[in-house]
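# Observations on the three-dimensional arrangement
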Amino acid sequence: MAARSTRTQVGTGVGFVLVLVWCLLPVAWILSLSFKGPGETAAGSPQFLPKVWTLQNYRDILGFGTVTPGQENTHSDFLDALRNSFGIAAISTLLAVLFATLAAYAIARLEFKGKRLVLSLALAIAMFPVVALVGPLFDLWRTLHLFNTWPGLIIPYMSFTLPLAIWTLSAFFREIPWEMEQAAQVDGATSWQAFRKVIVPLAAPGVFTAAILTFFFAWNEFVLAISLTSTTQSRTVPAQLSFFVGPDPFNPPYGLLAAASVVVTVPIIIIVLLFQRKIVAGLTSGAVKG
Amino acid sequence: MSAIAKAPGKPVVSDRARAENRLGQKLVLPAVIIMLLVTAWPMIQAIYLSLFRYRLTTPDDKAFVGLSNYGTVLTDSLFWQDTLNTVIIMVLTVAVELVIGFAFAMVMHRIVFARGAIRTSILIPYGIITVVSAYAWQFAFSLNNGFVNAWFAWLPWITPDTNWFGSHWPAMFAIMVSEIWKTTPFMALLLLAGLSQVSEDMIEAAEVDGATWWQRLWKVILPNMRAAIMVAVLFRALDAFRIFDNIYVMTRGAQDTESSSFLTYRQVIQQFQLGLGSALSVLLFLTVLLLAYLIVRLFRVDLAQARGEA
């Protein structure tokens, strides 16, 4: 027994290091790349760390200090894209979570006709090939003047995040002690009052987790972002990044792209650091629940 | 719960039950409308458009052509090449992720120290933008600026001059590495949830009975987390089948690395072939539907059971 537990511990320790290396190496790589100057990457720089550390890429991408000639517009485009990404992700998250909360409450708490249908629909949409919608949506959005606007992305983002939010939330809501709601109803509260006054405070952590997962989706989405936008008026960061090709297609601006990548990854890392426990709980409870 | 409330002998539909039914439907209605608005309606539109010769650049030339768009697509070797690529990517990435993801789940399950640190690091690839992951790996594999060639030059088939994006298989490999890196955490977390449902007593009992580590894994642990594995495979397989971002960033479809999603995108957005593109959309949709059906039937995935609803 003692021998086994020592072996298991050594194995786990080795595994721990491997998991860390696997997960963090590409992040360290993009971080290191972001400090390599344009001259160094143009000349070829296969070593992991920069020969000379420079903040020039961050200056170019965020527009402070002296900007490299030829990159004058990069920062304003990138900052526009950041603004779009934050705005679109935040609004989609807010609305999707609001509607998902109502739906998940009904699914977890109430008996009504069509419950199975709603869950199946959510599942089907979670698996839907987004690209299949690009053509018709492109056509439809141009007719409705939603092409290249914030709502033009917010509406589909809501549709595609609702399934995940509904599944996660209904799993959370099942864990909430029912008796408290019934107690409120015995005390004369209506179903709606019981929902608002009793369940909402208890459900807040689950709602919050669903919001994080929704935000990640909207922040990451790429297919619709490049198909339904045409200018920096509504282009989000992932789409904008794919347009940073620079003058020479065979020699992309490595450092600049790396710096931009680091900037958009910072919010994700902050969210993960603060809420890792909640995110793991949300991801696992939505799909598999013990 | 409410099955108990509706005990036999009560009237079948009480006022209370009717009110509950109405409230329930009212609460799910907005979500259902939003979900259908952007999926069902455009899908119907796609089916309709797929029957026309319709190019956005020449809208006056729009004409009903019946099923001939489908004929064009299904007899095109590019369509089959791209479908094959997509299936290869799906099968290989899901298989590799299943192995690595299970190893990760084991480590996360057994670890007694630094649980927060491991959770945080595993969530970083999950949260990172796919486009960023694609760039990170594209640069890592880059000929002039990548570390992969320098680090792995000791392998017989890698030299400092290996051009990963110069031919089909190396480019596919790079794409799959990025896909696997980004999505393994999701797989690992779903498997971790399954792993924590396997009772420790059962594993101990098997060990007392003299089962080796390998036997415990295959006879006790894996069969008991079957539902979790199947759900993870279902979700990941259908997600991998839609692969687009990595290919767009890393190769733009060069070296025959196009996927079905990429082909559809290219027809619609770059070539404005709405008729032909819609036929591709409908075929893609049907393929995903078929795939979901096959996985659910073949592996008998029971989502309700996996969610503890059965």
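Residues numbered from 1 in each chain as written. Chains lettered and ligands numbered in written order. Predicted model: local features only at pLDDT ≥ 70, side-chain atom pairs only at ≥ 80, totals over all residues.

In this section: the overall build of chain A. Along chain A, the regular secondary structure elements total 12 helices and zero strands. When the helices and strands of chain A are listed from N to C terminus, the series reads α-α-α-α-α-α-α-α-α-α-α-α. Its C-alpha atoms give chain A principal-axis dimensions of roughly 75 × 70 × 35 Å. (Helix = DSSP H or I, 4+ residues; strand = E, 2+ residues; numbered from the N terminus.)

How large an interface is tends to be reported as the accessible area lost when its parts come together. Chain B puts 89 residues into the contact, and the matching count from chain A is 86 residues. With 20 residues, helix 2 (residues 15–49) of chain B is the largest single contributor of residues to the side of chain B that touches chain A. Class assignment for the residues of the side of chain B that touches chain A results in 58 nonpolar, 25 polar and six charged. (Contact = placed C-beta atoms within 7 Å. Nonpolar A, V, L, I, M, F, W, Y, C, P; charged D, E, K, R; others polar.)

Right, let's talk about the packing of helix 4 (residues 74–109) of chain A against helix 7 (residues 150–174) of chain A for a bit. Residues and elements named next belong to chain A. Orientation of helix 4 relative to helix 7, taken along the N-to-C sense of each, is 40 degrees, at an axis distance of 6 Å. In this structure, helix 4 crosses over helix 7, and the sense of that crossing is right-handed. Grouping the amino acids of the contact of helix 4 with helix 7 by side-chain chemistry returns 22 nonpolar, five polar and two charged. (Axes fitted to C-alpha atoms, helices over the stretch in contact; angles between N-to-C directions. Left-handed = near helix turned anticlockwise from the far one by under 90°.)

What follows deals with the domain arrangement of chain B. Each assigned domain of chain B is listed with its residue range as follows: domain 1 (2–41) and domain 2 (68–306). One C-alpha centre belongs to domain 1 of chain B, the other to domain 2 of chain B, and the line joining them spans 37 Å. (Domains from an automatic or database assignment.)

Turning next to the nonpolar core. Counting residues in each nonpolar core, the largest one holds 174 residues, and the members touching the most others are Ala 100, Ala 103, Ala 122, Leu 162 and Ile 166 of chain A together with Leu 191 of chain B. Sort the elements by how many residues they give to this core and helix 8 (residues 168–195) of chain B lands first, with 16 residues. Built from parts of two domains, this core gets at least three residues from each of domain 1 (2–41) and domain 2 (68–306) of chain B. Among all residues touching Leu 191 of chain B, those that are not within four sequence positions of it are Gly 101, Phe 102, Ala 105, Ala 228, Ile 229 and Ala 232 of chain B. (Core = buried A, V, L, I, M, F, W, Y, C linked by C-beta atoms within 7 Å. Buried ≥ 20, exposed ≤ 12 C-beta atoms within 10 Å, placed from the backbone.)

All names here are of chain B. Helix 14 (residues 274–298) packs onto helix 13 (residues 260–270) with a crossing angle of 160 degrees between their chain directions and a minimal axis gap of 8 Å. Here helix 13 lies roughly antiparallel to helix 14, going by the angle between them. Classified by chirality, the crossing of helix 14 by helix 13 is left-handed. Of the residues in helix 14, those touching helix 13 at Ser 260, Ser 261, Leu 263, Thr 264, Gln 267 and Val 268 are Leu 274, Leu 276, Gly 277, Leu 280, Ser 281 and Leu 284. Taken together, the residues of the contact of helix 13 with helix 14 sort by class into six nonpolar, six polar and no charged. (Parallel < 35°, antiparallel > 145°, perpendicular 65-115°, else oblique.)

All names here are of chain B. Positioned with a positive phi, Gln 255 is a non-glycine residue whose angle comes to about 60 degrees. Assignment of secondary structure puts Gln 255 in the loop between helix 12 (245–250) and helix 13. Take Gln 255: there are 17 C-beta atoms within 10 Å of it, and that puts it in the partly exposed class. For Phe 272, which is not glycine, the phi dihedral falls at a positive 55 degrees. Note that Phe 272 resides in the loop between helix 13 and helix 14.

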